[in-house]
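Listed here are the chains, written in short residue letters.
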Amino acid sequence: MNRVQTLFDLSGRVAIVTGGAGLLGYHHGAILAAAGAHVVLLDLAVANPALRAEQLQMAHGPECLGLAMDITDEASIVEAKDAVMAKFGRVDILINNAANNPKVEDQKPGQPWSRLENFPLETWNGDIAVGLTGAFLCSRVFGQEMVKRGKGVILNIASDLAVIAPDQRLYRKDGVAEEEQPVKPVTYSVVKTALLGLTRYLSTYWVANGVRVNAISPGGVFNGQPDEFTVKLHSLIPMARMAEKDEYQGAILFLCSDASSYMTGQNLIVDGGRSVL
Ligand SMILES: NC(=O)c1ccc[n+]([C@@H]2O[C@H](COP(=O)([O-])OP(=O)(O)OC[C@H]3O[C@@H](n4cnc5c(N)ncnc54)[C@H](O)[C@@H]3O)[C@@H](O)[C@H]2O)c1
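All values derive from a computational prediction rather than experimental measurement. Every chain is numbered on its own, with residues counted from 1 as its sequence reads. Since the coordinates come from a predicted model, pLDDT governs what is reported: local features require at least 70, and pairs of side-chain atoms require 80 or more to be given and counted, while whole-chain, interface and lining totals use all residues. Hydrogens and water molecules were not included; the side-chain quantities draw on all heavy atoms of the structure.

### Here's the deal with the sheet that holds strand E7 (residues 267-270)
Strand order in the open sheet formed by seven strands is E3-E2-E1-E4-E5-E6-E7, with parallel pairing between adjacent strands. Either end of the sheet is taken by a strand with one partner, and the two such strands are strand E3 (65-68) and E7. Neighbour-to-neighbour, the strand axes of this sheet turn through a mean angle of 20°, independent of strand direction. Direction of pairing for strand E1 (residues 14-18) relative to strand E2 (residues 38-43): parallel, over a ladder of five bridges. For two strands to be treated as a pair, DSSP must find at least two bridges joining them. Under the DSSP-based scheme used, a helix requires at least four consecutive residues in state H or I and a strand at least two consecutive residues in state E, with every element numbered from the N terminus. To obtain an axis, a line is fitted to C-alpha atoms, over the contacting stretch when the element is a helix, and the angle between two such axes runs from 0 to 180 degrees between their N-to-C directions.

Structure below.
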């Protein structure tokens, strides 16, 4: 193997991706499998992680696993960890990717649930439970397996909204009263920013145990959003476009492999330049 291959090779390693059956989790898993890792997709039963893991394995080779579970329930995470240990005997990589991500641009006028004044406490608690508490619990459960082996990587998926405020003009609808204008929910900013705190905390907590912990802050991915939204968003991004679904794969592989062996506690912003403006 030459130096480039050695830096990025994940042969024999076991990588967990939470929310792994979703839009981006699958692509994150795909690049890790392509680099040789056994990938375990964790997701709610409704997202059919077993089917997605089968597709991943067919496309990339190494044996993969899909487990239906719920990251807000610690017993469910421990059960998943036990299944991973029984099958593969180790955990090398954890990507905390699952989050509630309601599509504000699809919100119907007259139903402004996303506005701060109306935001249901139940939604607040639910979003924090998945995006933040879920990442904490998965890090605790899977991180301890890494500590036992003296090596591991945790990668938290944050967002450009972990480093900048949402620009609520993006979500405005013509002819809708001010108090009914949809907005990006407060929980998204709170969860993503808090993940950077979790990243820094864990990075020093387990530094002597060989566990590196970083975050990535991706910008928005194009997934058929209406022109009304994308034209406004493009004008805020120096590269004047959204990301493609597989465009974070290079950064994900870098952060999960030995290519980033001297990096911990950091947040890699990959946003087409949006946050430099
Ligand atoms: N799509 C984007 O433009 C974008 C941009 C920046 C950051 N992100 C972040 O990337 C990550 C993935 O985004 P996505 O667009 O693929 O979202 P997605 O909604 O397609 O995927 C999220 C997955 O998490 C799963 N999930 C939800 N609750 C769960 C639970 N309790 N237990 C287990 N799994 C659960 C869902 O079933 C879903 O499959 C999220 O953290 C998101 O905030 C996305």
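### Focus on the layout of surface pockets
Considering only enclosed or pocket space, the largest pocket measures out at about 1000 Å³ in volume. Cavity and pocket criteria rest on a 1 Å grid covering protein atoms alone: a 1.4 Å probe that fits but cannot get out defines a cavity, protein on both sides within 12 Å along at least 5 of 7 lines defines an open pocket, and an atom within 4 Å of a point defines a lining residue. Lining the largest pocket are 45 residues, and of these Leu24, Ala99, Asn101, Lys103 and Tyr188 sit closest to its centre. Secondary-structure elements contributing two or more residues to the lining of the largest pocket are helix H2 (23-34), E2, helix H6 (186-205) and helix H7 (227-234). In the lining of the largest pocket, the residues fall into 24 nonpolar, 12 polar and nine charged. Estimates place the volume of the second largest pocket at around 220 Å³. Grid points are joined across faces, edges and corners, and a volume is the space filled by probe spheres set on the points. Residue polarity follows a fixed list, in which Ala, Val, Leu, Ile, Met, Phe, Trp, Tyr, Cys and Pro are nonpolar, Asp, Glu, Lys and Arg are charged, and the others, Gly among them, are polar.

### Some words on the side chain of serine 260
Looking at the secondary structure, you find serine 260 in the loop between helix H8 (249-256) and E7. A polar atom in the side chain of serine 260 sits 3.2 Å from the backbone oxygen of serine 257. Serine 260 has contacts with Arg212, Phe254 and Leu255, leaving out every residue within four places of it along the chain. As used in this structure description, the phrase polar contact means that two N or O atoms lie within 3.5 Å; if the pair is within protein, one of them must be able to donate a hydrogen and the other to accept it, and residues adjacent in sequence are counted only when both atoms belong to side chains. When checking whether two residues touch, look at their non-hydrogen atoms; a contact exists if any pair is within 4.5 Å.

### Notes on the packing of H2 against helix H3 (residues 49-60)
Close contact between H2 and H3 brings their axes to 10 Å; oriented N to C, the two are set at 35°. The chirality of how H2 crosses H3 is right-handed. Touching Tyr26, Gly29, Ala30, Ala33 and Ala34 of H2 are Arg52, Gln55, Leu56 and His60, all from H3. Of the residues belonging to the contact of H2 with H3, the class tally is five nonpolar, three polar and one charged. The crossing is said to be left-handed when, going from far helix to near helix, the turn is anticlockwise and less than a right angle, and right-handed when the turn is clockwise.

### Examining the nonpolar core
By size, the foremost hydrophobic cluster in this structure holds 31 residues, and its most contacted members are Leu32, Val39, Leu56, Ile93, Ile95, Leu155 and Ile252. A per-element tally of this core places H2 first, with six residues. Apart from the residues lying within four places of it in its own chain, the contact partners of valine 39 are Ala15, Val17, Gly29, Leu32, Ala33, Leu56, Glu63, Cys64 and Leu65. In this description, a nonpolar core means a group of buried Ala, Val, Leu, Ile, Met, Phe, Trp, Tyr and Cys residues linked to one another through side-chain atoms lying within 4.5 Å. Only protein chains enter the accessibility calculation, which uses a 1.4 Å probe. A residue is then buried if its area is under 20% of the maximum for its type, exposed if over 50%, and partly exposed in between. Counting residues in hydrophobic clusters, the runner-up holds 29 residues, among them Val40, Val84, Val130 and Val213.

### Points about the site of the ligand
Residues are counted as near a molecule or strand when any one of their heavy atoms sits within 4 Å of it. Inspection of the region around the ligand gives 25 residues, with Leu24, Asp43, Asn97, Tyr188 and Lys192 positioned closest. At 2.7 Å, a backbone N or O of leucine 24 approaches an oxygen atom of the ligand. Within the contact set of the ligand, an oxygen atom lies 2.6 Å away from a side-chain nitrogen or oxygen of aspartate 43. Computed on the free molecule, the ligand has an accessible area of 830 Å², of which 87% lies beneath the protein chains in the complex. Pocket or cavity membership: a molecule qualifies when more than half of its atoms sit within 2 Å of the grid points of that site. Using a 2 Å cut-off from the grid points, one finds that the ligand occupies the largest pocket. Sorting the residues of the shell around the ligand by element identifies H2 and H6 as the ones contributing at least two each. Taken together, the residues of the shell around the ligand sort by class into 15 nonpolar, seven polar and three charged. Reported accessibility uses the Shrake-Rupley method at a 1.4 Å probe radius. Residues are deemed covered only where the shown protein chains occlude them.

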